[in-house]
Amino acid sequence: MAGRSFSAASATTQANHHDHHDRHIGEGGDVGDGAVPLFPPPQSDGTDPVGRVKAAIARLADDVGAIFEPSVIAALTTLRAQDLAAYQRLRQKAKQANPACSVTELDRATRRTTSTPADERSTLDDLVALARAQCHLHHDADRQAVAVIRLPGRREVWRVQSSGFEDWLRAAYWRAYETGVADSTMKAALATLAAAGINDGDEVAVHVRAARWQDGYVIDLCDEHWQAVVVTPSGWQVVAESPVLFTRTPSMRPLPMPAIDGDVGLLWQHTNVPAGRRVMVLTWLIDGFRPDTPFPVLELVGEQGSAKSTTQSVLRSLVDPNKVMLRGRPKTVEDVFVAAANNWVVSYENLSSLTPEQQDALCTLATGGGFASRQFYTNGEEHVLECKRPVMMNGIAVVATRPDLIDRVIHVDLPRIPTEARRDDADTHAGWERDQPRVFGGLLDLFAAALAVLPSVHLTHKQRMADFEPLGEAVPACWASHRASSRGSTPSLCVPASAGRWRAMRLRRPWTSTSPSG
């Protein structure tokens, strides 16, 4: 690891769709050396439905019945349910191979295999059978059912009792039977599938947005292809299939595809963070991808016209983009935990105050905890919301007033922006959309470099947020290395080559929790 740097990829590497995101992680595959996907994709052997159908089409010119053999019909039925485009292409090739082949009879045959008469099977039975044939059912540690679905080019993971899984199941049923499903029937099918996953499936770990993996972390890009970024002390790499299981909620939005020529310094052109607090903000952003450690609470304070909301939105978009980037003041403690259960980052704006109970709830989110209440329509069972989340908030005045919360807060005072320096929203958004991929790539560079340095950090005195302190020491050192190398001949972000070099570069003043007075 010593002396390794994060240099730009060669033109040869950029020619590959995924290799152009490779940042010195193993070259043995998408997830690095020694990584084994949790659910490996089907192998291309004799059971491949496309191969079986193509073999039948090759014989079709001399044998019009080849396409109607039971094994071929079964393969076509699978393709019709899972990949309608492939089914239609093969259907057309069959007609071209032998005009005497009736594609109408072919459609009827593939429909009959999956749809028996109504008096023998119900829609509910068909839904359950279809789902169990096309996905793996499991459950998590809280005994919530999870469905792992393999689709062409991607693997999706949904909680069975979620709108995402319901949408997939409705679409799959329509492709197979060309008819809709009543809400009551769908509800019964989801309950049946959930019971199957809980009682018959294996227990699996399911994550949201970020997860610890081996000696690094995995970040869910949350895009339509279900790609992820693996970050280790050696670098970062975009992978087509995450080595861990990620699910998502309807309000989550994708992170940008990180640019290989990352430049985290561009961030300050789009935020109003004073120079003296920038390294601390970068450390908070990186810490937002470490779910195995407590999270400090980021508090942005400034008068009107200090771009508090814009700054907070930009910062959140680098960790957990969301349909609603900023939320208003929660009404109850339960509202805080409901927001945390459906978002990775809990983000509040324009707060004037929080009740003592709400501030205690934010402390609980920072270090991990939960909220329990009686579950509806039961005699005494509890409904428990348990999570640990990064929290950010802003206001004109200081919001964190309870001692426990003050000890967990990173406080940033934003200066007022002069009238002549203000920009309209359209220009602000256009500029951030242009620079966000490079800033995100630079942040990943800094994250990987900090992971390489962390084992060399030794603190003799630890404070309240002890897990954040080592990162608070590592990031400034890596940032100093980056700025120094940028002024030299090598524009890459270099990992310090030794513990001795690290000790020479480290900040002499340890990280301390800052009180609201600044």
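Within every chain, residues take consecutive numbers counted from 1 along the sequence as written. Totals for whole chains, interfaces and linings use every residue, but because this is a predicted model, local features are given only for residues with pLDDT of at least 70 and side-chain atom pairs only at 80 or more, for both listing and counting. Only hydrogens and water are set aside when side-chain values are computed; all heavy atoms of the structure are taken into account.

Points about the side chain of Thr-247
And then number 1: Along the polypeptide, Thr-247 turns up in strand 10 (residues 245–247).
And then number 2: Contacts of Thr-247, omitting those with residues within four sequence positions, involve Val-157, Trp-158, Arg-159, Val-206, His-207, Val-208 and Asp-220. Helix and strand definitions follow DSSP, with helices as H or I runs of at least four residues and strands as E runs of at least two, each counted in order from the N terminus. Contacts are residue-level and defined by heavy atoms, with any inter-residue pair within 4.5 Å sufficient.

Let's talk about the packing of aromatic side chains
And then number 1: Side-chain rings of Phe, Tyr and Trp, where Trp is taken by its six-membered ring, are said to pair if the distance between their centres is within 6.5 Å; with planes under 30 degrees apart they count as stacked, over 60 as edge-to-face, and otherwise as tilted. Summed over the entire model, instances satisfying the criterion amount to 6 aromatic pairs.
And then number 2: Centre to centre, the rings of Tyr-173 and Tyr-177 are 4.5 Å apart; their planes meet at 40°, and the pair counts as tilted. Placement of both Tyr-173 and Tyr-177 in helix 7 (residues 163–177) is noted, with a separation of 4 residues, approximately one turn of the helix.
And then number 3: Judged by its relative accessible area of 3%, Tyr-173 falls in the buried class.
And then number 4: Relative to Phe-447, the ring of Phe-289 lies with its centre 6.2 Å away and its plane at 20°, an arrangement referred to as stacked. One end of the pair, Phe-289, is in the loop between helix 9 (278–287) and strand 11 (297–301); the other, Phe-447, is in helix 14 (residues 425–453), and 158 residues separate them in sequence. Note on accessibility: Phe-289 and Phe-447 belong to one class, buried. Note on exposure labels: buried denotes an accessible area under 20% of the residue type's maximum, exposed denotes more than 50%, and partly exposed covers the range between, all computed with a 1.4 Å probe on protein chains only.

Points about the pattern of salt bridges
Pairing is possible between side chains that carry opposite charge, provided their charged atoms lie close to one another.
And then number 1: A side-chain nitrogen of Lys or Arg and a carboxyl oxygen of Asp or Glu constitute a salt bridge if their distance falls within 4 Å. A full pass over the atoms with the stated rule returns 18 salt bridges.
And then number 2: Residues Arg-316 and Asp-320 are paired through a salt bridge, measuring 3.1 Å at the closest nitrogen-oxygen approach.
And then number 3: We classify Asp-320 as buried; its relative accessible area is 0%.
And then number 4: Taken together, the shared-partner salt bridges connect Arg-150, Arg-155 and Glu-241 into one network.

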